[in-house]
Amino acid sequence: MTDPDEVPHDVRASLEQLLAAAADAAAEGDATTARATLDTAETVATNKLPAGERRDRIRWGCAAALDALPNGDLAAAYATATADAVTG
């Protein structure tokens, strides 16, 4: 039986890659790329994760990172913390 809170491997990999790219872009001051990447990560979470606490945390983290822009350091911190929520 599958754990309902388990993140499929391909979804986990996509979210981790997107959130890392968003954190890097934000830290480098590239708000446009960070915003686009965070939007994509939020869409992946919405469409590919089952409803529940993990999906809500990831979506909230993406929104918080978006709201933090153009403060690149803060947005990067939110994106990194959100990546941690993908696995934990």
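Below you will find a few notes about this structure. These figures come from a predicted structure and were not determined experimentally.

1. Quick look at the overall build of the chain
Alright, step 1. Counting its secondary structure elements, the chain contains four helices and zero strands.
Alright, step 2. Element order for the chain, N to C, with α for helix and β for strand: α-α-α-α.
Alright, step 3. Relative to its length of 88 residues, the chain is compact, with a C-alpha radius of gyration of 12 Å against a globular reference of 12 Å.
Alright, step 4. Considering only contacts within the chain whose residues lie at least 6 apart along the sequence, 61% involve residues at least 24 apart.
Alright, step 5. About 4900 Å² of surface is accessible on the chain, with carbon and sulfur atoms providing 51% of the total.

2. What to know about the side chain of Thr37
Alright, step 1. Looking at where Thr37 falls in the secondary structure, it is placed in helix H2 (residues 31-48).
Alright, step 2. A polar atom in the side chain of Thr37 sits 2.7 Å from the backbone oxygen of Thr33.
Alright, step 3. The residues touching Thr37, leaving out its near neighbours within four places in the chain, are Leu18, Ala21 and Ala22.

3. With respect to helix H1 (residues 9-27)
Alright, step 1. Compared with the 27 Å implied by 1.5 Å per residue over 19 residues, the 27 Å span of H1 between its first and last C-alpha is a close match.
Alright, step 2. Here H1 has its buried residues at Val11, Arg12, Leu15, Leu18, Leu19, Ala22, Ala23, Ala25 and Ala26.
Alright, step 3. Buried residues belonging to H1 abut H2, helix H3 (53-68) and helix H4 (72-87).
Alright, step 4. The first or second residue beyond H1 is Gly29, which carries a positive phi of 85°.

4. Regarding the packing of aromatic side chains
How two aromatic rings sit relative to each other is set out by the distance from centre to centre and by the angle between their planes.
Alright, step 1. For the structure on display, the rule yields one aromatic pair.
Alright, step 2. Note on Trp60 and Tyr78: the rings are 6.0 Å apart at their centroids and 75° apart in plane angle, and the pair reads as edge-to-face. Of the two residues, Trp60 sits in helix H3 while Tyr78 sits in helix H4, which places them 18 residues apart along the sequence.
Alright, step 3. Accessibility expressed as a relative area gives 57% for Trp60, which makes it exposed.

5. Section: H4
Alright, step 1. Its 16 residues give H4 an end-to-end C-alpha distance of 24 Å, which sits within 8% of 22 Å, the value for a rise of 1.5 Å per residue.
Alright, step 2. Looking at H4, one finds that the buried residues are Gly72, Ala75, Ala76, Ala79, Thr82, Ala83, Ala85 and Val86.
Alright, step 3. Those residues of H4 hidden inside the fold are in contact with H1, H2 and H3.

6. As for the pattern of salt bridges
Alright, step 1. Considering all chains together, one arrives at one salt bridge under this definition.
Alright, step 2. Between Arg57 and Glu53 there is a salt bridge, and its shortest N-O distance comes to 3.1 Å. Taken together, the residues Arg57 and Glu53, both in helix H3 and four residues apart, mark about one turn of the helix.

Calculation criteria
Residues numbered from 1 in each chain as written. Predicted model: local features only at pLDDT ≥ 70, side-chain atom pairs only at ≥ 80, totals over all residues. Heavy atoms only, no water. Helix = DSSP H or I, 4+ residues; strand = E, 2+ residues; numbered from the N terminus. Rg over C-alpha atoms; globule rule 2.2 N^0.38 Å. Contact = heavy atoms within 4.5 Å. Areas by Shrake-Rupley, 256 points an atom, 1.4 Å probe, with all protein chains shown as cover. Polar contact = N/O pair within 3.5 Å; in protein donor to acceptor, adjacent residues only side chain to side chain. Expected span 1.5 Å × (residues − 1). Buried < 20%, exposed > 50% of the residue type's maximum accessible area, 1.4 Å probe, protein only. Phe/Tyr/Trp six-rings, centres within 6.5 Å; stacked < 30°, edge-to-face > 60°. Salt bridge = Lys/Arg side-chain N within 4 Å of Asp/Glu carboxyl O.

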